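Residues per chain are reported as follows:
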Amino acid sequence: MLKRPDDSAADDASPPDGPKPGGTREPFDARVTRLLIHSRWPLLGIGLLLAILSYGPSQQISFDRSVENMFAPSDPLLVPYRQLKRTFVGNEIALAAYVDPNLLTAEGLARVEELTQAIEAVPGVHSVLSLTTTPLGTELYDSPMRDGFLDLFEGYTIGADRQTTAVVSTLEPEEQSSVSREETVGQLRKLIEAHDPTGVLTGEPVMVVDGFRFLEEDGTLLGGTATILLMLTIIFCFRSLRWVIVPLFIVTLTLWATKALIVASHMQLSMVSAMLWAIVMSTGIAMVTHIIVRFREHREQGLSPRDALWACGAAFATPIFWTVLTDACGFASLLGAHVGPVHDFGVMMTISSFLLLASIILLLPGLALAGTFDSSPKQTWGQQQLDASLHQVSYSLEKWPKSIALFTAIFVSICGVGIAWLDVETDFTKNFRASSPVVKSYAFVETNLGGAGVWDIFLPAPEKPDKEFFAHVRRFEKRLRTEVVIENEAGEVQPGLTKVMSLVDAIDALPLGDFKELIPPATLLKQFQAQMPAVMEALLGDDPDTPGRKIYRIMLRARERQPSAQKNALIAQVKQISREEFPESQVTGFFILLTNLIDSMLSDQWRTFWIATIAVGGVMLLAFRSIPLALVALVPNMLPILVVTGLMGWLGFRINMGAAMIAAVSMGLTVDPSTHYIISYLEQRKRGVPALEAIAQSHETVGRAMFFSTLALIVGFSALCLSQFVPLIYFGVLMCLAMIGGMVGNLVVLPLLLRFVAWFERDPQSSEAPTTPPAMTPSGS
């Protein structure tokens, strides 16, 4: 224990200054801590000023709502997708769909026309396609040309049951619209709900708007819930109002400063960033918890608050520094992810890790020593039971090390086998709760309109398409309909595409009589342009990169809810046929983007995990200057990741964006207690304490702080279970399990490994059998 030479309890007494007794210089950590305590009021003023300056910008943070944000900016998949959006104005489509048993009657079509006209008047809507916008209009129900038009638009404006209909609105590009996308979608939703309470509004822009609305709500809900739960946890564990306020101020400054830097660097929040507040709160309080526990121990030994804080800092400054670095390494490893939201979250949390250290330096000395009210955290209820349990674990490790090590190895190995069965979640709608309107609307389209997977083929076309070109397109479409196949669950081969439609199909459906084949293509196009301008604009456009050249579009539909491997096979077949028929064609669309996004998650998980492992290992090597100790710090924290991910494979849970982050993030967080543990062990070894005794003492002192910090992380991460975004729920639950596993690893595996290292170094007492039975009175009581 570090003490001042003058053991005065006066609160204004100074920690030791200058040389220590015997002429040795005061340790660096002690000098830094003394300086911070001496400068606590200026530092507190700087911290409060920084909070004031950060608050305004932090409130201006916004979400990046674009689909492109899910991918790396250089991802080649985005090139054709962006070209499609540039070529066909209003490429974002919203469907207002409902079921009407009397749809193909005069009354049913009159209702369709009523909804069509209402949607056309909504600001932000570029054009509308429905059953009544065909040349037949509301007379479609008794026209001899009815079946041709119904077949053409089946899957878009009418279902195969001939009772489901959709009014398809193409939206103006958001940068050209007079209103926000949220306002447009909100008005469309009100119209369909008023028109038919059982109707749904769906489509890519609707999912994006609804998804980010949920995430904005989540950000406040999850952050507020985590804050309340963590404050209650601190009150329960330490029974101190002051030590509720101290970490709250530290985390608040960290959060505001992080958001302000994000705004200043022109970054935006993304899908998984909704948990920023909750995660910063959890990691910040977990770190401060180590300080609270050690501060309380020194106060119980009779030191004044100022001396106790100095002693705490003198012992903890180095571990906290390395802890911040390992946290930053865990989060920074997410920069290696190809999934945009995961990458962005890594940037934000790396920034917050360093800002957390700055906030502790600026605020903690002043807030901890301001006044005399409630200056000391108190022992929690059950403190003696906790200490006794830690002592029992330590004794068991000394008595049965080989048996415990063997059991641990077998358990981890069995769990780890499950990794071979890990799979990714292929249905993007399962990122939302089953009760959300996003899931319900997509299920409606999947069931009633032939599939929610929307994608496209586009290819260069002559400036004036001729009969030969149209004949080639017909052959191409025939191959797509007949040769692109999948195998269903019963092993039966069936068409992989539920819809293939282009301008050729639309022209073929025009009611132009028996001599239509004699009409020149240019004339057909003019007539179609006059009768159905919205469809024409959506299917034939001007190449933005090559003036004078046309781009021809073929719209595809497929089932969204199918395995990833089947989706990839489907895409590969379409691409192969496209290259054979039109070598310059491009295949793109939301269906392809989401399939590739899903496929990259599993590889991202292991890529970022190994980056985190190497980075954290490097930090540990710098901290301990010992390869064996660096490996010792890594192993207990790798095992929980293998167990958690393996159990996911055994139980059939699938990887999503949240699950893809746990390996890297948990490595950065669970290694923190290992750092404190090993540094405590090394300090005692330097003082000549035998290896087993040093391990036992570290186990019961650091173990106590480890328990409370892990509890704080579990409580904070558990708040994510309230999210409407399923990946955040996954992340919260799996991180709780990883934190528990990390604590077990650090309390069981780490002491065993340190014992092995001590034996390898030929410590004479490293392999002695325990001589003390489980203590009836726990240490520290």
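As shown above, the structure is provided for reference.
Summary of the structure given here. Quick caveat, the model's predicted, so the values are computed rather than measured.

About the cut-offs
All residue numbers here refer to positions counted from 1 along the written sequence of the relevant chain. Confidence filtering applies because this is a predicted model: local features only for residues at pLDDT of at least 70, side-chain atom pairs given and counted only at 80 or more, and all residues used for totals across whole chains, interfaces and linings. Only hydrogens and water are set aside; all other atoms, that is, all heavy atoms of the structure, feed into the side-chain values. Secondary structure is summarised from DSSP: a helix means a run of H or I of at least four residues, a strand means a run of E of at least two, and numbering begins at the N terminus for each. Per-residue accessibility, obtained with a 1.4 Å probe over protein chains only, is compared with the maximum for each type, and a residue is labelled buried under 20%, exposed over 50%, and partly exposed between these values. Whether two residues are in contact is decided by their heavy atoms: any pair within 4.5 Å suffices. Here the Shrake-Rupley method, with its probe set to 1.4 Å, supplies the accessible areas, and only the displayed protein chains count as covering residues. A residue counts as positive if it is Lys or Arg and as negative if it is Asp or Glu; His and the chain ends are not included. By convention, the point assigned to a charge is CZ for Arg, NZ for Lys, CD for Glu and CG for Asp. The term nonpolar core refers to a set of buried residues drawn from Ala, Val, Leu, Ile, Met, Phe, Trp, Tyr and Cys, joined through side-chain atoms within 4.5 Å. Paired strands, as defined in this entry, are two strands with at least two bridges between them according to DSSP. Working convention: axes come from line fits to C-alpha atoms, limited for helices to the stretch in contact. Angles between N-to-C directions cover 0 to 180 degrees. Two N or O atoms count as a polar contact when they lie within 3.5 Å, although within protein this holds only if one can serve as hydrogen donor and the other as acceptor, and sequence-adjacent residues are included solely when both atoms are side-chain atoms. Grid points spaced at 1 Å over the protein atoms alone were grouped into cavities, where a 1.4 Å probe fits but cannot get out, and pockets, open sets with protein on both sides within 12 Å along at least five of seven lines, with lining residues defined by an atom within 4 Å of a point. Grid points are joined across faces, edges and corners, and a volume is the space filled by probe spheres set on the points. Each residue gets one of three labels, nonpolar for Ala, Val, Leu, Ile, Met, Phe, Trp, Tyr, Cys and Pro, charged for Asp, Glu, Lys and Arg, and polar for the others, Gly among them. Note on angle classes: values under 35 degrees are labelled roughly parallel, values over 145 roughly antiparallel, values of 65 to 115 roughly perpendicular, and the remainder oblique. Definitions for this section: a left-handed crossing has its near helix turned counterclockwise from the far helix by less than a right angle. A right-handed crossing has that turn clockwise. Salt bridge, as used here, is a side-chain nitrogen of Lys or Arg placed within 4 Å of a carboxyl oxygen of Asp or Glu. Aromatic pairs are defined between Phe, Tyr and Trp rings, using the six-membered ring for Trp, whenever the two ring centres lie within 6.5 Å; interplanar angles under 30 degrees are classed as stacked, those over 60 as edge-to-face, and all others as tilted. Here, over-ring charges are defined by two tests on the NZ atom of lysine or the CZ atom of arginine: distance to the ring centre within 6 Å, and angle to the ring normal within 35 degrees.

1. Observations regarding the overall build of the protein
A tally of regular secondary structure across the protein gives 24 helices and 13 strands. For the protein, the spread of C-alpha atoms along the principal axes amounts to about 110 × 55 × 45 Å. Residues classed as buried in the protein amount to 58% of the 781 residues present. Of all intrachain contacts in the protein linking residues separated by at least 6 positions in sequence, the fraction that spans at least 24 positions is 79%. Of the roughly 31700 Å² that the protein leaves accessible, carbon and sulfur atoms contribute 62%. Side-chain charges of the protein comprise 59 positive and 76 negative groups, with the mean position of each set lying 8 Å from the other.

2. Focus on the nonpolar core
Counting 233 residues, the largest nonpolar core has Trp-455, Leu-480, Tyr-552, Phe-717 and Phe-731 as its most contacted members. Ignoring sequence-local partners within four residues, the contact set of Phe-717 consists of Ile-279, Ser-282, Leu-669, Phe-731, Gly-732, Met-735, Cys-736 and Met-739. Core analysis: the second largest hydrophobic core is formed by 5 residues, Val-412, Cys-415, Leu-639 and Val-749 among them.

3. A closer look at the sheet that holds strand S3 (residues 164-171)
Across the sheet, 4 strands lie side by side as S2-S3-S1-S4; this open sheet has antiparallel pairing. Two strands in the sheet have a free side with no partner beyond their single neighbour: strand S2 (125-129) and strand S4 (200-202). On average, adjacent strands in this sheet sit at an angle of 25° to one another, irrespective of strand direction. One ladder, built from 4 bridges, connects S2 with S3; its direction is antiparallel. Counterpart to Val-128 in the pairing with S3 is Ser-169.

4. Considerations on the pairing of S3
A large share of S3 lies buried, amounting to 8 of its 8 residues. Across the two faces of S3 the burial is the same, with Thr-164, Ala-166, Val-168 and Thr-170 and Thr-165, Val-167, Ser-169 and Leu-171 all buried. Sheet topology places strand S1 (residues 93-99) next to S3; 7 bridges connect them, and they run antiparallel. Bridging across to S3, Ala-97 finds its partner in Ala-166.

5. A word on the side chain of Arg-189
Mapped onto the elements of the fold, Arg-189 is located in helix H6 (residues 181-195). Looking at Arg-189, its side chain comes within polar contact range of the side chain of Asp-210, at 2.6 Å. Each residue touching Arg-189, except ones within four places of it in the same chain, is listed here: Leu-201, Val-206, Asp-210 and Arg-213.

6. What to know about the layout of surface pockets
Approximately 530 Å³ is the volume found for the second largest pocket. What lines the second largest pocket is a set of 24 residues, and nearest its centre among them are Val-643, Val-644, Leu-647, Leu-737 and Gly-741. Where the lining of the second largest pocket is concerned, the elements lending two or more residues are helix H13 (401-417), helix H21 (627-651) and helix H24 (726-760). Partitioning the lining of the second largest pocket into residue classes produces 21 nonpolar, 3 polar and no charged.

7. Topic: the packing of helix H7 (residues 204-238) against helix H14 (residues 437-448)
Interaxial distance between H7 and H14 falls to 10 Å at its minimum, and their mutual angle equals 160°. In this view, H7 runs roughly antiparallel relative to H14, as classed from their interaxial angle. Classified by chirality, the crossing of H14 by H7 is left-handed. Side by side, H7 and H14 meet where Glu-204, Met-207, Asp-210 and Phe-214 of the first sit next to Pro-437, Val-438 and Tyr-442 of the second. Considered class by class, the residues forming the contact of H7 with H14 number 5 nonpolar, no polar and 2 charged.

8. Observations concerning the environment of Leu-503
Position of Leu-503 relative to the elements: it lies in helix H16 (residues 503-508). Residue Leu-503 is classed as buried on the basis of its relative accessible area, which comes to 0%. In this structure, the C-alpha to C-alpha distance between Leu-503 and Leu-540, residues 37 residues apart in sequence, is 7.4 Å. With residues up to four places along the chain from it excluded, the contact list for Leu-503 reads Leu-525, Phe-528, Met-536, Leu-539, Leu-540, Tyr-552 and Arg-553.

9. Comments concerning the pattern of salt bridges
Scanning the model with the defined rule gives 21 salt bridges in all. Note that Asp-100 and Arg-111 form a salt bridge whose closest N and O atoms lie 3.4 Å from each other. Placement of the pair is Asp-100 in the loop between S1 and helix H4 (106-120) and Arg-111 in helix H4, with a sequence separation of 11 residues. The closest approach of N and O atoms between Arg-607 and Asp-604, which form a salt bridge, is 2.4 Å. Highlighted residues: Arg-607 and Asp-604, both in helix H20 (residues 590-624), separated by 3 residues, approximately one helical turn. On the basis of relative accessible area, Arg-607 is assigned to the partly exposed category, the value being 29%.

10. Observations regarding empty space enclosed by the protein
Taken as a whole, this structure holds 8 cavities of 30 Å³ or more when the rule is applied. Considering only enclosed or pocket space, the largest cavity measures out at about 550 Å³ in volume. Forming the walls of the largest cavity are 38 residues, and the residues nearest its centre are Asn-91, Ile-93, Leu-95, Val-454 and Met-555. If one sorts the elements of the lining of the largest cavity by residue count, helix H18 (residues 533-539) sits on top with 4 residues. For the lining of the largest cavity, the per-class residue count stands at 24 nonpolar, 8 polar and 6 charged. Looking at the second largest cavity, its volume works out to about 140 Å³.

11. Description of the packing of aromatic side chains
On inspection of all chains with the given rule, the structure shows 21 aromatic pairs. When the ring of Phe-345 is compared with that of Phe-731, the centres are 6.5 Å apart and the planes differ by 80°; the resulting orientation is edge-to-face. With Phe-345 in helix H11 (residues 340-369) and Phe-731 in helix H24, the pair connects residues that are 386 residues apart, well separated along the chain. Residues Phe-345 and Phe-731 agree in their burial class; the two are buried. Consider the rings of Phe-407 and Phe-411, whose centres lie 6.4 Å apart with planes at 15°: the pair is stacked. Taken as a pair, Phe-407 and Phe-411 lie in helix H13 at a separation of 4 residues, close to a single helical turn. Under the relative-accessibility criterion, Phe-411 is labelled partly exposed at 42%. Chaining the aromatic ring pairs together yields one cluster made of Phe-469, Phe-470, Phe-476, Tyr-552 and Phe-582. Here the guanidinium or amino end of Arg-553 rests over the ring plane of Phe-88, the centre of that ring lying 5.1 Å away. A cation over an aromatic ring shows up here: Arg-557 above the ring of Tyr-156, its NZ or CZ 5.0 Å from the ring centre.

Keep in mind these values describe shape, not function.
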